Amino acid sequence: MGNRLGFQLFTLREFEGGYGAAFEAVKSLGIDTIEVWGGAVPDDPGAPVSIAGLRQFLSEAGMKLACGHLSVADYDNRYEEWKDLLLDFGSHTWVVPFAKADTLDEWLALLPKFREMAARMKQDGLSLGYHNHHMELVKLGDRYVMEHLLDNMEDLQAQFHIGQFLPKRGVVLPDWIKKYQGRVCSLHLNDTNSEGPTRLGEGTCRAEESIRTALDTGVDTFILEIRLVKETLDDVKRDVEFARSLIG
């Protein structure tokens, strides 16, 4: 299998006309892969989109899935439905997109649940990953939060979010990609500087170096985390072209 470039469903949530129209816009960019997001389908019978409805949108657009941003609550309440959706559309990684903790003990207390999840998923052909935001790039004790999670659970995969690795965090992402070689399920592609979002490769987060390092260490899945609406389509096209120039 070659390298995959996908689009995060979360950043399509504001696209005019809904997810069906958003998927057509993504296809116009030459992308046929989506990272599903549990928040698109609230666990509520009255929600405007159901898992079955999302499945239909994906099928009609001819989309595949790569990874899936699905919370612990999604696991507890609707594991079978989400598991089937991931596997049916070609994804084998369930990524926890967010967790809340304040102290190191609270962060480490998440791991028993993660181990339970990973064990069940392994039986079903899935692996468990975790996505960093800025709070996982805080140093507690001798390591950063993300390191504590990964170092204390060997079968937890990492999904690194490039745009969070500002110089002020004190972490060089390419170094972490090499440190956790073989355990990086994907990279989220966007870029920032001290003033806010930039085009991919124009910020201060070492985006190009991170992508090249990921490729050199066997990472094959890259997911754009860039807001897409009709007004931003041309700018996003430029980011897609930049990513393609690196990953093929």
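Preceding block: the structure.
Residues numbered from 1 in each chain as written. Predicted model: local features only at pLDDT ≥ 70, side-chain atom pairs only at ≥ 80, totals over all residues. Heavy atoms only, no water.

Considering the overall build of the protein chain
Phase 1 of the analysis: Within the protein chain, the secondary structure is distributed over nine helices and twelve strands.
Phase 2 of the analysis: By the compact-globule yardstick of 18 Å for 248 residues, the protein chain fits well, its C-alpha radius of gyration being 17 Å.
Phase 3 of the analysis: Principal-axis analysis of the C-alpha atoms places the extent of the protein chain at approximately 50 × 40 × 35 Å.
Phase 4 of the analysis: Of all 248 residues assigned to the protein chain, the portion counted as buried reaches 53%.
Phase 5 of the analysis: For the protein chain, contacts bridging at least 24 residues in sequence account for 76% of all contacts bridging at least 6. (Helix = DSSP H or I, 4+ residues; strand = E, 2+ residues; numbered from the N terminus. Rg over C-alpha atoms; globule rule 2.2 N^0.38 Å. Buried < 20%, exposed > 50% of the residue type's maximum accessible area, 1.4 Å probe, protein only. Contact = heavy atoms within 4.5 Å.)

Let's talk about the layout of surface pockets
Phase 1 of the analysis: One number sums up the size of the largest pocket: a volume of about 380 Å³.
Phase 2 of the analysis: Among the secondary structure elements, those contributing two or more residues to the lining of the largest pocket are β10 (191–193), β11 (196–198) and α9 (233–247).
Phase 3 of the analysis: Sort the elements by how many residues they give to the lining of the largest pocket and α9 lands first, with three residues.
Phase 4 of the analysis: Roughly 210 Å³ of internal volume is contained in the second largest pocket.
Phase 5 of the analysis: Surrounding the second largest pocket, 14 residues form its lining, Phe10, Trp37, His69, Pro97 and Phe98 being those nearest its centre.
Phase 6 of the analysis: Here the lining of the second largest pocket is built from residues that sort into five nonpolar, seven polar and two charged. (1 Å grid on protein atoms, 1.4 Å probe; cavity = no way out; pocket = protein on both sides within 12 Å on 5 of 7 lines; lining within 4 Å. Points joined across faces, edges and corners; volume = space filled by probe spheres on them. Nonpolar A, V, L, I, M, F, W, Y, C, P; charged D, E, K, R; others polar.)

Section: the packing of aromatic side chains
Phase 1 of the analysis: A complete count under the given rule lists ten aromatic pairs for this structure.
Phase 2 of the analysis: Between Phe10 and Trp37, the ring centres sit 4.9 Å apart and the planes meet at 90°, which makes this aromatic pair edge-to-face. With Phe10 in the loop between β1 (4–8) and α1 (18–28) and Trp37 in strand β2 (residues 33–37), the pair connects residues that are 27 residues apart, well separated along the chain.
Phase 3 of the analysis: By way of ring pairs, the aromatic residues Tyr144, Phe160, Phe165 and Trp176 are connected into one cluster.
Phase 4 of the analysis: The ring of Phe10 carries the charged tip of Arg13 above its face, separated from the ring centre by 3.7 Å. (Phe/Tyr/Trp six-rings, centres within 6.5 Å; stacked < 30°, edge-to-face > 60°. Lys NZ or Arg CZ within 6 Å of the ring centre and 35° of its normal.)

A closer look at helix α2 (residues 51–61)
Phase 1 of the analysis: Taken as a whole, α2 has its buried residues at Ile51, Gly53, Leu54, Leu58 and Ala61. With its buried residues spanning 160° around the axis, α2 presents them on a single face. Residues Ala52 and Glu60 are exposed on α2 and point more than 90 degrees away from its buried face.
Phase 2 of the analysis: Trailing α2 by a residue or two, Gly62 shows a phi angle of about 70°, which is positive. (Arc of directions from axis to C-beta.)

So, the environment of Val219
Phase 1 of the analysis: Residue position: Val219 is located in the loop between α8 (207–216) and β12 (221–224).
Phase 2 of the analysis: In sequence terms Val219 and Arg4 are 215 residues apart; their C-alpha atoms lie 9.6 Å from each other.
Phase 3 of the analysis: Excluding residues that lie within four positions of it along the chain, Val219 makes contacts with Asn3, Val184, Ser186 and Ala214.

Brief notes about the packing of α1 against α2
Phase 1 of the analysis: Here α1 crosses α2 at 30°, and the two axes come no closer than 10 Å. Considering the angle they form, α1 stands roughly parallel to α2. In the packing of α1 onto α2, the handedness of the crossing is right-handed. In contact with Tyr19, Gly20, Phe23, Glu24 and Lys27 of α1, α2 contributes Leu54, Phe57, Leu58 and Ala61.
Phase 2 of the analysis: Looking at the contact of α1 with α2 residue by residue, the class counts come to six nonpolar, one polar and two charged. (Axes fitted to C-alpha atoms, helices over the stretch in contact; angles between N-to-C directions. Parallel < 35°, antiparallel > 145°, perpendicular 65-115°, else oblique. Left-handed = near helix turned anticlockwise from the far one by under 90°.)

Thoughts on α9
Phase 1 of the analysis: Spanning 15 residues, α9 covers 21 Å between terminal C-alpha atoms, matching the ideal 21 Å at 1.5 Å per step.
Phase 2 of the analysis: Where α9 is concerned, the buried positions are Val236, Asp239, Val240, Phe242, Ala243, Leu246 and Ile247. For α9, the buried positions fall inside an angular range of 160° around the axis, keeping them on one side. In this structure, α9 carries Asp234 and Ser245 as exposed residues pointing more than 90 degrees from its buried face.
Phase 3 of the analysis: Against β1, β9 (184–189), α8 and β12 lie the buried residues of α9.
Phase 4 of the analysis: With its phi angle positive at about 85°, Gly248 sits one or two positions after the end of α9. (Expected span 1.5 Å × (residues − 1).)

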